[in-house]
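Chain and residue survey
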Amino acid sequence: MASIVVLDYGSQYTRLIARRLRELGVFSTILQADASLPDILAHDPAGVVLSGGPKSVYDPDTPGLPDGLLDTGLPLFGICYGMQLLAKELGGEVVRSPVREYGKALLTGYRGELFGGVEGDFVAWMSHGDAVMSLPEGFGVVASTQDTEIAAMESSGRGIYCMQFHPEVQHTPKGRTLIENFVRRTGMVRDWTPEHILEVMTREVKERVGDERVMLAISGGVDSSTLGLLLNRALGDNLQAVFVDHGLLRAGEAEEVEKALTGVGMNLTVVDASEQFLGALVGVSDPEDKRRAIGREFIEVFNAQVKAKQAELGAIRFLAQGTLYPDVIESAGGHGAANIKSHHNVGGLPEDLQFELLEPFRTLFKDEVRELATLLGLPSYLAGRHPFPGPGLAIRCLGEVTQGRLEVLRRVDDIFISALREFGLYDETWQALAVLTPLRSVGVMGDQRTYESTVALRAVSSVDGMTADWTRLPHDFLATVSNRIVNSVPEVNRVVFDITSKPPGTIEWE
Ligand code: XMP
């Protein structure tokens, strides 16, 4: 399938470039900067974007241009480090600037092919130390800023476009037009729509699976539920889906998911294993121990289901997983990517089960899965849900996890999340959660002294959970939520709001 290849030179924004391209309806693939030309050509590229990166083109061991890339004649789009690299390789001069330009800058005198259709002031997001001082032959300056003479350059004839700033970030509000113009230049057909994705995935699944059977574990989250819907549509009864309810989901969530999935006629076995999971968590307070205990139980419950199905139906050849593109880039060791916690996928299945893995969403971003979900009939409040960790509320219940403590947390969480929806703040927040801390403190209610628990509320803005900022929720909203919690959950007498970004904090408390 034709694509625009994004070469990752280590920028924190690389994924954003790929997502912007996908939003414009073109398929994009991220490759490491050291990819060889045959690797790149294997993705049938119509154009190549060179991302930004933290290094200077003069540092030792800096990633260069793939050998032979310039000879292909493919349209190229260099962003920040990508621009400096192209400038240097093509005979221009790159220097270390005495001052690092960081933040918003106003472009002056912008013109040229990629700026076609842009009107008015152009605010650009800058973040660079080095700068291009003299142009390679055949290039013209197409934008400047107060501090940077060559803020953008292009050689329209050769189809090479370079920007010192980041058109992919929100802080460059008109950046989308530039990316759109580049897409036009590559000649890519903009047909990467949810309908098309569904068609491609359904066809590929049918071709690969044929008449064989597929086992799928549903966690209650968006990814596995959507995968279930897709497989149900493609394979009908050859799908054996198992929803392991570990009793650690949010209020009402297990029921809603079950209703949505059985509603489309999915072959779904629901296993209420909450007692087994709670049993395994008795006396466990350490967060990693909790994760391990939950992972172990999950595998045990799922294995038992697999064995039962195999005894009933004969061999099951495939195990489907809702692995997403960011997980794939992550495990391939993307340059800029920090390490996140190991997700408790079905990683520990015994070898004698010998499944082949089926991962249709390996090329998709979360937003694309959400769109597919809606297309496949998952109610929008389920499709648009915030991310939720596999081990569920267990890790948000600091200290020991008991039925009683879980119930308190569930009520607090429900008040917070429902209020976010009620105030129209849910979709503006990337993820929101409540934490039950082991802390108790003195309070006063009516004329009574209380000695009850403290809960923490957390809401973050993020792109992919790798970095995050705390969301500036309105004070009046927080006041309402705090009142509601303390008035209706007697076990809680204090509510705090987390104002730590990631890093240095993580999103979950654990
Ligand atoms: P942290 O706490 O590491 O979380 O900043 C980053 C994002 O990952 C989610 N998360 C998980 N997701 N299984 C998951 O599927 C897990 O075990 C898990 N642990 C954390 C977390 O909710 C946040 O969105």
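Just so we're clear, the structure is a prediction, and the values are computed from it rather than from any experiment. Throughout, a residue's number is its position along its own chain's written sequence, starting from 1. Restriction of local features to residues with pLDDT of at least 70 applies here, the model being predicted, together with a cutoff of 80 or more for giving and counting side-chain atom pairs; totals for whole chains, interfaces and linings are based on all residues. As a convention, hydrogens and water are excluded, and side-chain values are obtained from all of the structure's heavy atoms.

**Here we look at the layout of surface pockets**
Using a probe with the size of a water molecule, rolled over the atoms, empty space left in the structure can be pinpointed. The condition is simple: Definitions used throughout: a 1 Å grid over protein atoms alone; a cavity as a set of points that fits a 1.4 Å probe which cannot get out; a pocket as an open set with protein on both sides within 12 Å along at least five of seven lines; a lining residue as one with an atom within 4 Å of a point. Grid points are joined across faces, edges and corners, and a volume is the space filled by probe spheres set on the points. Helix and strand definitions follow DSSP, with helices as H or I runs of at least four residues and strands as E runs of at least two, each counted in order from the N terminus. Ten residue types, Ala, Val, Leu, Ile, Met, Phe, Trp, Tyr, Cys and Pro, are classed as nonpolar, four, Asp, Glu, Lys and Arg, as charged, and the remainder, Gly among them, as polar.
Approximately 320 Å³ is the volume attributed to the second largest pocket. Gly53, Pro54, Cys80, Arg100 and Ser127 are the residues nearest the centre of the second largest pocket, which is lined by 20 residues in total. Among the secondary structure elements, those contributing two or more residues to the lining of the second largest pocket are α3 (81-89), β5 (93-106) and β6 (123-134). Tallying contributions element by element places β6 first for the lining of the second largest pocket, with 4 residues. A class-by-class count of the residues in the lining of the second largest pocket yields 5 nonpolar, 11 polar and 4 charged.

**Overview of the nonpolar core**
Short version of the rule: Here, the term nonpolar core denotes a set of buried Ala, Val, Leu, Ile, Met, Phe, Trp, Tyr and Cys residues that are joined through side-chain atoms within 4.5 Å. To sort residues, take the accessible area from a 1.4 Å probe on protein chains only and compare it with the maximum for the residue type: under 20% means buried, over 50% means exposed, and anything in between is partly exposed. Throughout the structure description, domain borders are defined by an automatic or database domain assignment. Working rule for contacts: check all heavy atoms of both residues, and any pair within 4.5 Å makes them a contact.
By size, the foremost hydrophobic cluster in this structure holds 47 residues, and its most contacted members are Val412, Phe416, Leu420 and Phe477. Among the secondary structure elements, those contributing two or more residues to this core are β10 (214-218), β11 (239-245), α8 (274-280), α9 (287-313), α13 (403-422), β15 (431-445), β16 (448-462) and α14 (475-488). Among the elements that make up this core, the one with the highest residue count is α13 (9 residues). For this core, the domains that each give at least three residues are domain 2 (194-383) and domain 3 (396-497). In contact with phenylalanine 416, not counting residues within four places along its chain, are Ala432, Leu433, Leu457, Arg458, Ala459, Leu473, Phe477 and Val481.

**Points about the sheet that holds strand β13 (residues 318-320)**
Note the following rule: Pairing between strands is defined by DSSP: at least two bridges between them are needed. In this analysis an axis means a line fitted to C-alpha atoms, helices contributing only their contacting stretch, and an angle means the value between N-to-C directions, from 0 to 180 degrees.
One open sheet holds the 5 strands; their spatial order is β12-β11-β10-β13-β14, and the pairing between them is parallel. Unpaired on one side and paired on the other, β12 (268-272) and β14 (356-358) mark the two borders of the sheet. Taken pair by pair, the neighbouring strands of this sheet meet at an average axis angle of 25 degrees, ignoring direction. As paired elements, β13 and β14 share 3 bridges and run parallel to each other.

**Some thoughts on the side chain of serine 155**
Tracing the backbone through its elements, the reader meets serine 155 in strand β8 (residues 152-155). Discounting chain neighbours no more than four positions away, the residues touching serine 155 are Gly138, Phe139 and Ile160.

**Here's the deal with the site of the ligand**
Under the convention used in this document: Nearness of a residue to a molecule or strand requires only that one of the residue's heavy atoms be within 4 Å of it. Side-chain atoms alone can form a polar contact between residues adjacent in sequence; in general such a contact is a pair of N or O atoms within 3.5 Å, and within protein one must be able to donate a hydrogen while the other accepts it. Areas reported here follow the Shrake-Rupley algorithm with a probe of radius 1.4 Å; residue values treat only the protein chains shown as occluding.
The environment of the ligand is made up of 14 residues, and the closest members are Arg291, Gln431, Lys502, Ile507 and Glu508. At 3.1 Å from a nitrogen atom of the ligand is found a main-chain nitrogen or oxygen belonging to glycine 390. Lysine 502 places a polar side-chain atom, nitrogen or oxygen, 2.7 Å from an oxygen atom of the ligand. Contact with the protein chains removes 88% of the 500 Å² of surface that the ligand exposes when unbound. Of the residues contributing to the shell around the ligand, the split by class is 5 nonpolar, 5 polar and 4 charged. In this structure, the shell around the ligand is formed jointly by two domains, domain 2 (194-383) and domain 3 (396-497), each of which donates at least three residues.

**Description of the sheet that holds strand β2 (residues 28-32)**
An order of β2-β1-β3-β4-β9-β8-β7 is seen for the 7 strands of this open sheet, with the pairing classed as mixed. At either end of the open sheet lies a strand with only one pairing partner, and these are β2 and β7 (140-143). Averaged over all pairs of adjacent strands, the angle between their axes in this sheet comes to 20 degrees, without regard to strand direction. Against the sheet, α3 contacts β3 (45-50), β4 (76-79), β8 and β9 (160-163), and its axis sits at roughly 115 degrees relative to β4.

**Here we look at the pattern of salt bridges**
Worth spelling out the cut-off: We define a salt bridge as a side-chain nitrogen of Lys or Arg found within 4 Å of a carboxyl oxygen belonging to Asp or Glu.
Across all of its chains, the model carries 23 salt bridges by this definition. Glutamate 407 is the salt-bridge partner of arginine 410, the closest N and O atoms lying 3.3 Å from each other. With arginine 410 and glutamate 407 both in helix α13 and 3 residues apart, the pair spans about one turn of that helix. By relative accessible area, which is 12% here, arginine 410 ends up buried. Residue glutamate 407 is classed as partly exposed on the basis of its relative accessible area of 34%. The structure contains a network of salt bridges with shared partners spanning Arg208, Glu212, Arg317 and Glu356.

**Here's the deal with the confidence of the model for the protein chain**
Here is the rule we go by: The pLDDT value expresses, per residue, how confident the predictor is, ranging between 0 and 100.
Residues at a pLDDT of 70 or more form 95% of the protein chain, whose mean pLDDT is 93. Contacts from residues 333-347, a stretch scored under 50 in pLDDT, to residues over four places away or in other chains number 31 contacts.

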